[in-house]
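In case you want the letters, here they are:
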Amino acid sequence: MNDPPRRLRILRTAIVLTLVFNVIALLVLVRVTPVIFTVFMFLAQPLFGAALILLFGAVLAELRARQIL
Amino acid sequence: MTPLLPLAGTLLVSGAAAAGESGVPLPQGWIGTTSQWIQAFGVAFVVLNVILLCLTWRRLRSDGPSSMWGWLLVAVGLVPIMVGFMTFAHGLESTTTVSACGSCHVMTPFVRDLQDVKSDTLAATHFKNRFIRESQCYTCHSDYGLGGTLKAKLAGLGHVWRYTTGLYDLPIKIAQPYPNFRCLGCHGESQRFLNSVTMKPILPELMSGQTPCLTCHGPAHPAQKKEARL
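Residues numbered from 1 in each chain as written. Chains lettered and ligands numbered in written order. Predicted model: local features only at pLDDT ≥ 70, side-chain atom pairs only at ≥ 80, totals over all residues. Heavy atoms only, no water.

### As for the overall build of chain B
Turning to step 1, where the next piece is worked out: Assigned secondary structure in chain B consists of 12 helices and 0 strands.
Turning to step 2, where the next piece is worked out: The order of α-helices and β-strands along chain B, N terminus first, is α-α-α-α-α-α-α-α-α-α-α-α.
Turning to step 3, where the next piece is worked out: Put simply, chain B has 230 residues, and 34% of those count as buried.
Turning to step 4, where the next piece is worked out: Sequence-distant contacts, at least 24 apart, represent 57% of the contacts inside chain B between residues at least 6 apart. (Helix = DSSP H or I, 4+ residues; strand = E, 2+ residues; numbered from the N terminus. Buried < 20%, exposed > 50% of the residue type's maximum accessible area, 1.4 Å probe, protein only. Contact = heavy atoms within 4.5 Å.)

Below, the structure written as structure tokens:
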């Protein structure tokens, strides 16, 4: 994760995953059905969790690169 | 944030209009239900998050990640957590409504009977007289307390799985015999019920579940025909 282009790619992946999370969340908010809510619980939330892990991984790599950690 | 306010307002107004559809006047100064506010704020946060994500994506391309950490933490960390919280709260509440139960076509005969004012089944009687004000399916088919909610949600997950994969048999049957304590949660402490001449002699049997309430008060729902899968 120290390689800047790789870090950029990771951050973009995190943004895309968060966007997918938002689209599914919008579906739940606008027209909720048990199926859509299940998709939100078991697909959208893990995707967002993955986005958070990617973000914090990139933050840690940046801190290490700046020798703060 | 300003363009989002009319959207939130529109959602709230449409929700309030739905509440007043039956002709029952709304209280003065009606500002919608908590669920409608959560829904409106949830939509506003989604819109805000999408805008933030798009801006972050564009600036990430031109400026690189070094100057973008604050933006990233807000757009990928903070705002989506708010979206998730509101969506979860709204989804949890909204999946208990009759329309949510009726969204699976196998439930259509039950919901149709429930909403039929001419029907005399136990469910329809409770619905048309508003003995239960809202979430009528969920109220009768879930146990009380936190454990009841968790159990009902897990059962609901099973229903979604079987419905989606087609692993169910028609006609639909209740998984377990209907327990008396679900009826007694409301009726059990009613003076009219406790002092009823017909109920008093069999109260211990009803309380212990030895005699099911539905023995005398059934059927709760109409008998189903063997229908073809749609």
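### Quick word on the packing of helix 2 (residues 34-65) of chain A against helix 3 (residues 69-94) of chain B
Two quantities define a packed helix pair, namely the angle between the axes and the distance from one axis to the other.
Turning to step 1, where the next piece is worked out: At a closest axis distance of 11 Å, the pairing of helix 2 of chain A and helix 3 of chain B adopts a crossing angle of 160°. With respect to each other, helix 2 of chain A and helix 3 of chain B are oriented roughly antiparallel. The crossing of helix 2 of chain A and helix 3 of chain B is left-handed. Along its contact with helix 2 of chain A, which presents Phe37, Phe40, Met41, Phe48, Ala51, Leu52, Leu55, Phe56, Ala58, Val59 and Glu62 of chain A, the element helix 3 of chain B presents Trp69, Leu72, Leu73, Val76, Gly77, Pro80, Ile81, Gly84, Thr87, Phe88, Gly91 and Leu92 of chain B.
Turning to step 2, where the next piece is worked out: Tallied by class, residues from the contact of helix 2 of chain A with helix 3 of chain B come to 18 nonpolar, 4 polar and 1 charged. (Axes fitted to C-alpha atoms, helices over the stretch in contact; angles between N-to-C directions. Parallel < 35°, antiparallel > 145°, perpendicular 65-115°, else oblique. Left-handed = near helix turned anticlockwise from the far one by under 90°. Nonpolar A, V, L, I, M, F, W, Y, C, P; charged D, E, K, R; others polar.)

### Describing the packing of helix 2 (residues 34-63) of chain B against helix 3 of chain B
All names here are of chain B.
Turning to step 1, where the next piece is worked out: Remark: helix 2 packs on helix 3, axes separated minimally by 9 Å, with the N-to-C direction vectors making an angle of 155°. Accordingly, the angle class assigned to the pair helix 2 and helix 3 is roughly antiparallel. Remark: the crossing between helix 2 and helix 3 carries left-handed chirality.
Turning to step 2, where the next piece is worked out: Taken together, the residues that form the contact of helix 2 with helix 3 break down as 20 nonpolar, 7 polar and 2 charged.

### Considering the interface of chain A and chain B
Turning to step 1, where the next piece is worked out: The interface of chain A with chain B comprises 34 residues on the first partner and 36 residues on the second.
Turning to step 2, where the next piece is worked out: Interface area, chain A with chain B, both sides summed: about 3,000 Å², of which 83% is carbon and sulfur.
Turning to step 3, where the next piece is worked out: The largest per-residue losses of area from chain A upon contact with chain B belong to Arg12, Ile15 and Leu29 of chain A, which jointly make up 22% of the total buried on that side.
Turning to step 4, where the next piece is worked out: Seen at the junction of chain A and chain B, the total is 0 salt bridges.
Turning to step 5, where the next piece is worked out: At the boundary of chain A and chain B, one finds 2 residue pairs in polar contact (both at pLDDT 80 or more).
Turning to step 6, where the next piece is worked out: Ranked by the residues each element gives to the side of chain A that touches chain B, the list is headed by helix 1 (residues 4-30) of chain A, at 16 residues.
Turning to step 7, where the next piece is worked out: Residues belonging to the side of chain A that touches chain B are distributed by class as follows: 26 nonpolar, 4 polar and 4 charged. (Buried area = accessible area lost by both parts, 1.4 Å probe. Salt bridge = Lys/Arg side-chain N within 4 Å of Asp/Glu carboxyl O. Polar contact = N/O pair within 3.5 Å; in protein donor to acceptor, adjacent residues only side chain to side chain.)

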